[in-house]
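Fold and contact review
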Amino acid sequence: VTTEATSASVAEEINNQYRHVFELLGRGWSAEELSGPRHTAEPQEMYVDLMARCPVRDLGDQYYSVTKMADVQYVTRHPDVKQGTKYLGSDRPAIPLGLDGEEHRKYRRLLDPVFTPHRVAPLADSVRALANELIDGFIEDKRVDAYRSWCEPLPSTIFLSIMGLPMETLDDFLRFKDLTLSNDADVDFEEGARRRNEGAAWLNAYFSDAIDQRIRRGEPGDDMLGWLITSEVDGHRLGRDELLGILSLLMIAGLDTVAASLACFLSYLARNPEQRARLHAEPTLWRSAIEELMRFESPVTEGFRVATAEITLPSGTTIPANSYIHVSWSAADLDPDVFVDPLTVDLARDPNPHIGFASGYHRCLGSHLARMEMVTALQAWHTRIPDYRIADDAAMLYTGNPRAPHKLALVWD
Ligand code: HEM
């Protein structure tokens with residue numbers, strides 16, 4: 001089976017989706033906000049202020065932006081609200097993210113058991129070993145570009161091994177995720193579309209070839225890719241488009257989000273030595289610390305949905321049918337109606353009902369893997385390099401979504 005060339009109508013739909021998202025962001029955030037706090041290390045006050053001034057923003061032409069926790073929860077759990085992010089640049093929906101209702105549930109039933117806490121726990125030793133091996137490579141230099149040399153290769157290498165992909169493809173996959181996300185502050189709509197197409201074409205070709213080879217050999221393989229090739233949904237094996245839809249989403253999610261989160265957390269801890277001291281004195285706080293940093297940093301900042309029927313939000317605003325809705329996980333995670341002193345980072349905060357991994361039907365599939373990786377890796381870092389700071393010459397420009405400082409220069413004595 002070969003993937004059909006993108007038909008004109010699907011191509012148009014993909015472009016429309018991205019144009020909606022691009023326009024929503026442009027409307028959702030004023031020029032000042034876009035060039036200001038959103039791309040800095042500390043956007044949190046901006047979100048709190050935005051929420052207080054205007055919790056639901058009617059952006060015109062049936063575009064809405066929703067920031068309060070209760071409204072975001074309501075939107076993401078409503079049966080008449082569908083995903084607004086169907087495609088990730090290619091001509092088929094990302095699976096399961098781009099699907100709704102029963103179609104969505106059947107793929108979650110297939111994939112959920114692979115990423116339970118029980119299934120990911122045994123990987124902790126490999127994460128620790130790799131975190132230390134990478135640190136060995138730069139600890140004597142007393143300076144590192146932490147995103148490129150640690151945050152990015154660590155979860156990506158682990159994810160390639162989970163998937164059963166050769167390590168020499170790491171750079172190609174990192175390039176694929178950078179092309180697909182195109183979240184640098186200066187990338188415009190046309191350039192973003194060109195990059196996404198290039199990334200999708202590379203991924204299709206790579207996995208089509210890998211799947212063909214395994215099928216020809218008659219050995220699907222004793223790894224995640226092999227498992228997917230032989231998996232069944234609705235009593236039939238996954239087809240080529242289903243496989244590619246799942247693989248492209250997993251590769252983006254597995255490669256970028258944990259890297260971005262590690263970079264946000266290291267950057268925060270580098271700027272807040274008193275919080276590091278607290279973790280040093282009370283190492284049992286690491287688990288709740290990761291939850292609190294997820295809340296405060298919300299590295300995946302927002303999602304997009306479409307209301308297919310009129311809905312009335314808990315805050316009272318009625319959103320008409322066929323409206324496009326921007327949901328801000330970042331703002332909801334700072335909602336003063338839910339979190340006492342939302343701008344204070346309390347590493348022991350409990351309860352901490354943050355939605356850094358989203359809420360509702362599309363809640364993150366990989367949250368247990370991500371949590372295990374972040375706790376294990378950051379403990380390893382702080383055992384080896386407890387005291388560090390941001391280099392004076394570091395240019396701390398954060399990307400859009402996911403947010404991360406891609407140039408995180410850290411120094412220590
Ligand atoms: C700290 C790291 C991570 C963060 C912050 C994060 C965040 C999110 C968020 C916010 C969503 C919802 C997107 C939306 O509804 O628009 C999501 C969905 C998803 N995530 Fe993650 N994620 C992380 C790590 C991972 C990892 C490691 C995987 C790999 C297995 C993964 C796989 C997925 C998948 C497959 C979905 C789609 C779920 C669905 O549609 O039902 N994520 N994630």
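Residues numbered from 1 in each chain as written. Predicted model: local features only at pLDDT ≥ 70, side-chain atom pairs only at ≥ 80, totals over all residues. Heavy atoms only, no water.

Some details on the sheet that holds strand β10 (residues 323–328)
- With mixed pairing, the five strands of this open sheet are ordered in space as β1-β2-β10-β7-β3. Here the strands that pair on one side only, and so sit at the sheet edges, are β1 (56–60) and β3 (81–83). Each adjacent strand pair in this sheet contributes to an overall mean axis angle of 30 degrees, direction not counted.
- When strand β2 (residues 63–66) meets β10, the two strands line up parallel, connected through four bridges. From the neighbouring strand, Val-66 faces β10, where its bridge partner is Val-327.
- Running over the sheet, helix α4 (residues 69–77) touches β1, β2, β3, β7 (302–307) and β10 and is turned about 130 degrees from β10. (Pairing = 2+ DSSP bridges. Helix = DSSP H or I, 4+ residues; strand = E, 2+ residues; numbered from the N terminus. Axes fitted to C-alpha atoms, helices over the stretch in contact; angles between N-to-C directions. Contact = heavy atoms within 4.5 Å.)

Description of the coordination of the iron atom of the ligand
- Coordination of the iron atom of the ligand by the protein comes from a single atom, Cys-364 (SG), at 2.3 Å.
- Take Cys-364: it is sitting in the loop between α16 (329–332) and α17 (367–384). (Donors = N, O, S within 2.8 Å, 3.2 Å for Na, K, Ca; no water.)

A word on α17
- Between its first and last C-alpha, α17 extends 26 Å over 18 residues, near the 26 Å set by a 1.5 Å rise per residue.
- Most of α17 is tucked away: 13 of the 18 residues are buried. (Expected span 1.5 Å × (residues − 1). Buried < 20%, exposed > 50% of the residue type's maximum accessible area, 1.4 Å probe, protein only.)

Thoughts on the side chain of Thr-85
- Along the chain, Thr-85 falls in the loop between β3 and α5 (101–111).
- If we ignore the near neighbours within four places in the chain, the residues touching Thr-85 are Gln-17, Leu-97, Gly-98 and Phe-304.

Let's talk about the packing of helix α10 (residues 170–181) against helix α13 (residues 240–271)
- Two elements in contact, α10 and α13, have axes separated by 10 Å at closest approach and are oriented at 100 degrees. Relative to α13, the element α10 lies roughly perpendicular. Contacts from Phe-173, Leu-174, Phe-176, Lys-177, Thr-180 and Leu-181 of α10 reach α13 at Ser-248, Met-251, Ile-252, Leu-255 and Asp-256. (Parallel < 35°, antiparallel > 145°, perpendicular 65-115°, else oblique.)

Quick notes on the site of the ligand
- The environment of the ligand is formed by 30 residues, the closest being His-104, Arg-108, Arg-305, His-362 and Cys-364.
- Between an oxygen atom of the ligand and a main-chain N or O atom of Leu-97, the distance comes to 3.3 Å.
- The side chain of His-104 places a nitrogen or oxygen atom 2.7 Å from an oxygen atom of the ligand.
- The set of elements that each furnish at least two residues to the shell around the ligand consists of α5, α13, β7 and α17.
- At six residues, α13 tops the list of elements feeding residues into the shell around the ligand.
- Residue composition of the shell around the ligand, by class: 19 nonpolar, eight polar and three charged. (Near = heavy atom within 4 Å. Polar contact = N/O pair within 3.5 Å; in protein donor to acceptor, adjacent residues only side chain to side chain. Nonpolar A, V, L, I, M, F, W, Y, C, P; charged D, E, K, R; others polar.)

Remarks on the sheet that holds strand β11 (residues 389–390)
- In space, the three strands of this open sheet follow the order β4-β12-β11, with antiparallel pairing throughout. The open sheet is flanked by β4 (143–145) and β11, the only strands paired with a single partner.
- Pairing of β11 with strand β12 (residues 409–411) involves two bridges; the strand directions are antiparallel. Each bridged residue has a counterpart across the sheet, and for Arg-389 the counterpart in β12 is Val-411.

Concerning the packing of helix α11 (residues 189–217) against α13
- Packing of α11 against α13 leaves a shortest axis separation of 10 Å and a crossing angle of 125 degrees. Taken as axis vectors, α11 and α13 run oblique relative to one another. Crossing of α11 against α13: the hand is right-handed. Together, Leu-203, Asn-204, Phe-207, Ser-208, Ile-211, Asp-212 and Ile-215 of α11 and Arg-240, Leu-243, Leu-244, Leu-247, Ser-248 and Met-251 of α13 make up the contact between the two elements.
- Taken together, the residues that form the contact of α11 with α13 break down as eight nonpolar, three polar and two charged. (Left-handed = near helix turned anticlockwise from the far one by under 90°.)

Here we look at the nonpolar core
- Ranked by internal contacts, the top residues of the largest apolar core, which has 100 residues, are Trp-150, Met-251, Leu-266, Trp-381 and Leu-410.
- It is α13 that contributes the most residues to this core, 20 residues altogether.
- With residues up to four places along the chain from it excluded, the contact list for Leu-410 reads Lys-142, Arg-143, Val-144, Ala-146, Leu-266, Ala-270, Trp-381, Tyr-388, Arg-389, Ile-390 and Ala-391.
- Counting residues in hydrophobic clusters, the runner-up holds 18 residues, among them Val-72, Ile-325, Ala-332 and Ala-358. (Core = buried A, V, L, I, M, F, W, Y, C linked by side-chain atoms within 4.5 Å.)

A closer look at the environment of Asp-136
- Residue position: Asp-136 is located in helix α7 (residues 124–136).
- The sequence separation of Asp-136 and Thr-116 amounts to 20 residues, and the corresponding C-alpha distance is 31 Å.
- A distance of 2.7 Å separates the side chain of Asp-136 from the side chain of Arg-384, its partner in a polar contact.

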